[in-house]
Amino acid sequence: MASFKDWFTEDEDDIFMGSPKSKFFDVSREASKDIVEEEMDKIVEKLAVLEMIICAGKDEDFDINQYIKDYTLDNMAEVNAMKKGLYVEFTGDIISRLDS
């Protein structure tokens, strides 16, 4: 039996289980449009807040997109692990609303 860690780090091309990203898109295609739009709005709001936090106190020449690119290059493994975790979280948020 596969452990949670095995599922979380599974091969992205595994056709039987799929990646956290593929499961998110599977769920988002099957859920109601209203639920998915509301959850996507929450994601964009979270992104807006995080950008505001990062840019706070920076001068007007600060390029957040370059900052993010540099950070991603320097921390690729951690970023990919976080993305998988967020896909799992967002998928759960949509699924938890399906019965309501």
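Above this text sits the structure in question.
Since we're looking at a predicted model, the values are computed, not measured.

Some points on the packing of helix α2 (residues 20-30) against helix α5 (residues 76-97)
Viewed as axis vectors pointing N to C, α2 and α5 meet at an angle of 20°, and their least axial separation amounts to 8 Å. Relative to α5, α2 is oriented roughly parallel. Note that α2 runs across α5; the crossing there is left-handed. Contacts from P20, K21, K23, F24, F25, V27 and S28 of α2 reach α5 at K84, Y87, V88, F90, T91, I94 and I95. Each residue belonging to the contact of α2 with α5 can be placed in one class, and the counts come to nine nonpolar, two polar and three charged.

Examining the packing of helix α3 (residues 33-55) against α5
Relative to each other, α3 and α5 sit at 140°, their axes nearing to 10 Å. Judged by the sense of rotation from one axis to the other, the crossing of α3 with α5 is right-handed. Seen from α3, the contacting residues are I35, V36, E38, E39, I43 and K46; seen from α5, they are L86, E89, F90, D93, I94 and R97. The residue inventory of the contact of α3 with α5, partitioned by class, reads six nonpolar, no polar and six charged.

Re the nonpolar core
Grouped together as the largest cluster of nonpolar side chains are eight residues: F24, V27, A31, I35, V36, Y87, F90 and I94. Excluding its chain neighbours within four sequence positions, the residues that come into contact with F24 are M40, Y87, F90, T91 and I94.

Conventions we followed
- Along every chain, residues carry numbers that run from 1 in the direction the sequence is written.
- The predicted origin of the model limits local features to residues at a pLDDT of at least 70 and limits the giving and counting of side-chain atom pairs to 80 or more, whereas totals for whole chains, interfaces and linings rest on all residues.
- Hydrogens and water molecules were not included; the side-chain quantities draw on all heavy atoms of the structure.
- Axis definition: a line fitted to C-alpha atoms, over the contacting stretch in the case of helices. Angles run 0 to 180 degrees between N-to-C directions.
- What counts as a helix is a DSSP run of H or I of at least four residues, what counts as a strand is a run of E of at least two, and both are numbered from the N terminus.
- Any angle that falls under 35 degrees is termed roughly parallel, while one over 145 is termed roughly antiparallel, one within 65 to 115 roughly perpendicular, and all others oblique.
- Crossing chirality is assigned from the near helix's rotation relative to the far helix, an anticlockwise turn below a right angle marking it left-handed and a clockwise turn marking it right-handed.
- When checking whether two residues touch, look at their non-hydrogen atoms; a contact exists if any pair is within 4.5 Å.
- For this classification, the nonpolar set comprises Ala, Val, Leu, Ile, Met, Phe, Trp, Tyr, Cys and Pro, the charged set comprises Asp, Glu, Lys and Arg, and every other residue, Gly included, is treated as polar.
- For this analysis, a nonpolar core means a set of buried residues of the types Ala, Val, Leu, Ile, Met, Phe, Trp, Tyr and Cys, connected via side-chain atoms within 4.5 Å.
- We call a residue buried when its accessible area falls under 20% of the maximum for its residue type, exposed when it is over 50%, and partly exposed in between, using a 1.4 Å probe and counting protein chains only.

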